[in-house]
Amino acid sequence: MGLFGKTVDPKEKVREFQRKMRSEIRQLDRQIYGIEREEAKVRKQIKESAKKGDRDVCVVLAKSVLQARKAVSKIHRSKAQINSVIMCMQQQLSTMRVAGSVQASTEVLKNMQDLVKVPEIMAAMRELSKEMTKTGIMEELIEETMDAMEPEELEEQAQEEVDRILYEITAGELGRAPAAVSDTLIRPEVEASIAAQAEALYNEAEGRLAAKP
């Protein structure tokens, strides 16, 4: 029961969660745009410094590009996870038509477990997770710790990536040609596919609910 004895519609709560999730995606998009604009400026500075032969300056700037790209990569992964949660909640709407109640989702819990660790959306995701737990969409979050990489391993990996960035931006004048590496970035087309699936599920469920007498 809600305030003044009014029953809270679980379907409406799920839709509310979806709206909030989409709002967070738009916020992340704005952050990506801002980071990429700054990276473009730094790339220009690297090219100018390379022409002057200032390798040390180029290395420092390349490290900032590396940090920017890692940040964007993490944000893209977070967006994909948010879209996954939206899809799961859309399936919840369909399930509610049959079961008449909300069922806890392990997939939602798994994604939210990661999303509450993302600095850019941490506060919003923690608040959402509490509301979703109360609604029954997911179980309560469990605090986790991550194993840290060894400093030497991080330094070696970072240097290789800096060399690749310098090689890329200066057209081979600085840095080293990249070896074959696996790309951990969520590709835009993959992210778009996930978002499209979420939207299709949303429209399908909305149509069914609208047709229901």
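Preceding this section is the structure that the text describes.
Keep in mind that what you see is a predicted model, and the values were worked out from it rather than measured.

(A) Focus on the overall build of the chain. For the chain, the helix and strand inventory stands at six helices and zero strands. In the chain, the succession of helices and strands from N to C terminus is α-α-α-α-α-α. A total of 213 residues make up the chain; the buried ones form 34% of that total. Counting only contacts in the chain whose residues sit at least 6 apart along the sequence, the fraction spanning at least 24 positions is 75%.

(B) Seen up close, the environment of I165. By the secondary structure assignment, I165 is in helix 5 (residues 151-169). Taking the C-alpha atoms as reference points, I165 and V59, 106 residues apart in sequence, are found 9.3 Å from one another. Not counting the four nearest positions on each side in its chain, I165 is found in contact with A62, V65, L66 and R69.

(C) Quick look at the nonpolar core. Of all hydrophobic cores here, the largest spans 26 residues; its most connected members are M21, M112 and M132. Within the residue set of this core, elements represented by two or more residues are helix 1 (10-52), helix 2 (55-99), helix 3 (106-115) and helix 4 (122-135). Discounting chain neighbours no more than four positions away, the residues touching M112 are M21, V85, M125, L128, S129, M132, M138 and L141. Within the second largest apolar cluster, 14 residues are counted, among which are I46, L61, V162 and L166.

(D) Layout of the packing of helix 1 against helix 4. Running from N to C, helix 1 and helix 4 point in directions that differ by 165°, and their axes come no closer than 11 Å. Taken as axis vectors, helix 1 and helix 4 run roughly antiparallel relative to one another. Between helix 1 and helix 4 lies a crossing whose hand is left-handed. Here K13, E16, F17, K20, M21 and E24 of helix 1 lie close against helix 4, whose contacting residues are A124, M125, L128, E131, M132 and T135. Tallied by class, the residues present in the contact of helix 1 with helix 4 amount to six nonpolar, one polar and five charged.

(E) Structural context of the side chain of E39. Topologically, E39 is positioned in helix 1. Residue classification places E39 among the buried positions, given a relative accessible area of 13%. Leave out the neighbours within four places in its chain, and E39 touches V65, A68 and R69.

Criteria and cut-off values
Residues numbered from 1 in each chain as written. Predicted model: local features only at pLDDT ≥ 70, side-chain atom pairs only at ≥ 80, totals over all residues. Heavy atoms only, no water. Helix = DSSP H or I, 4+ residues; strand = E, 2+ residues; numbered from the N terminus. Buried < 20%, exposed > 50% of the residue type's maximum accessible area, 1.4 Å probe, protein only. Contact = heavy atoms within 4.5 Å. Core = buried A, V, L, I, M, F, W, Y, C linked by side-chain atoms within 4.5 Å. Axes fitted to C-alpha atoms, helices over the stretch in contact; angles between N-to-C directions. Parallel < 35°, antiparallel > 145°, perpendicular 65-115°, else oblique. Left-handed = near helix turned anticlockwise from the far one by under 90°. Nonpolar A, V, L, I, M, F, W, Y, C, P; charged D, E, K, R; others polar.

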